[in-house]
Amino acid sequence: MRFRAIFKSRRNLSSRSVLFEYEGCSVDVRQAGDGPLLLLIHGYPLDGAMWSSVARKLATRFRVLKPDLPGRTGNPIRATGTIGSYADFIASILDRLDAPVGLAAFSMGGYISLEIMRRGHPKVSALALVDTRAVADDEAARAKRDQSIATLRAQGVAAIADAMLPLLISPESASKGDFAERVRRIILRQTPLALESDLTAMRDRPDSTTLLPHIAVPTLVITGERDVISTVAESQAMANAIPGATLVVIPGSGHLTPMENPSAVAQALGDFFEKALNPKS
Ligand code: MLT
């Protein structure tokens, strides 16, 4: 189901946001830069700020949008616990954009982008799957999601931050200055309702492995060398299954490559999208 959405440009505001009307709510979608369009989708248990450093670097050559998914502090739309409803929201943004779009999607964002590819969207002209997976959760993974929901209900968002940080970032990144604290701060500002919606959505997501050979836009796969959620081996298999796709491995990084090594991720995304969105260059 598609929802009515109206974009009103607020490009003169210093924050450079776009006001987006969706399901009767106003959502500010942050954007920066000028040039070919890039839409960045964040992962769990985070929000669009996980892309900030990468977006700043890409904004020298692209117009970059980094929405918060429904239920986040910056997005009053109710989160309803399905990848499909998150894909509806992202598709409504795509509907309003007036040029081909490069979609870069991190982890849970990747699950959403695969749903968008399954449905097909004429605006998506290139895809970057960043530290994500095509397989569905197996029984053990589904049981862990239920455990996480129980933990969230009993102990709140801080317990999720404690459990997720070692999975998100490599030990090297964790020991760098206040880096782990910065990631924790993003997690702590999420509401329990949003995180429960994410967990339910990820638990119940469909398998996308059979979709991969049918992805018909230029695709880049990125993963961290030390990613324990979407491993190098699994990312390589995903790249092998998508026609023409290549894999970039970010050395030393864990799962959260866009925050752990924004320079390397922005470089890989920028070089890929520049060519993919402008095939004559
Ligand atoms: C994410 O980074 O979005 C999630 O950790 C992915 C997952 O748990 O499957």
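Reading the values: the criteria
- Residues numbered from 1 in each chain as written.
- Predicted model: local features only at pLDDT ≥ 70, side-chain atom pairs only at ≥ 80, totals over all residues.
- Heavy atoms only, no water.
- Salt bridge = Lys/Arg side-chain N within 4 Å of Asp/Glu carboxyl O.
- Helix = DSSP H or I, 4+ residues; strand = E, 2+ residues; numbered from the N terminus.
- Buried < 20%, exposed > 50% of the residue type's maximum accessible area, 1.4 Å probe, protein only.
- Axes fitted to C-alpha atoms, helices over the stretch in contact; angles between N-to-C directions.
- Parallel < 35°, antiparallel > 145°, perpendicular 65-115°, else oblique.
- Contact = heavy atoms within 4.5 Å.
- Nonpolar A, V, L, I, M, F, W, Y, C, P; charged D, E, K, R; others polar.

*Asks:* Before we move on, could you go through the pattern of salt bridges and cite the residues and values that matter?
*Replies:* If you walk through the whole model with that rule in mind, you get 18 salt bridges. For Arg119, the salt bridge goes to Asp88, with nearest N and O atoms at 2.9 Å. A residue pair is termed long-range when its members are at least 10 positions apart, and Arg119 in helix α3 (residues 108-119) and Asp88 in helix α2 (residues 83-96) qualify at 31 residues. Owing to a relative accessible area of 9%, Asp88 belongs among the buried residues under this scheme. Among the salt bridges present, the one from Asp178 reaches Arg182, with a minimum N-O distance of 3.7 Å. Through salt bridges with shared partners, one network takes in Asp88, Glu115, Arg118 and Arg119.

*Asks:* Tell me about the packing of helix α4 (residues 139-155) against helix α5 (residues 157-168), and please be specific about residues and values.
*Replies:* Viewed as axis vectors pointing N to C, α4 and α5 meet at an angle of 135 degrees, and their least axial separation amounts to 7 Å. Relative to α5, the element α4 lies oblique. Two secondary-structure elements touch here, α4 through Ser148, Thr151, Leu152 and Gln155 and α5 through Val157, Ala159 and Ile160. Looking at the contact of α4 with α5, its residues break down into 4 nonpolar, 3 polar and no charged.

*Asks:* Please give an account of the environment of Ala241 that cites residues and values.
*Replies:* As for its position among the elements, Ala241 is in helix α9 (residues 232-241). A relative accessible area of 29% means that Ala241 is categorised as partly exposed. Put simply, Ala241 and Ser85 are 156 residues apart on the chain and 26 Å apart in space, counted from C-alpha to C-alpha. Setting aside residues no more than four positions away along its own chain, Ala241 makes contact with Leu212 and Pro213.

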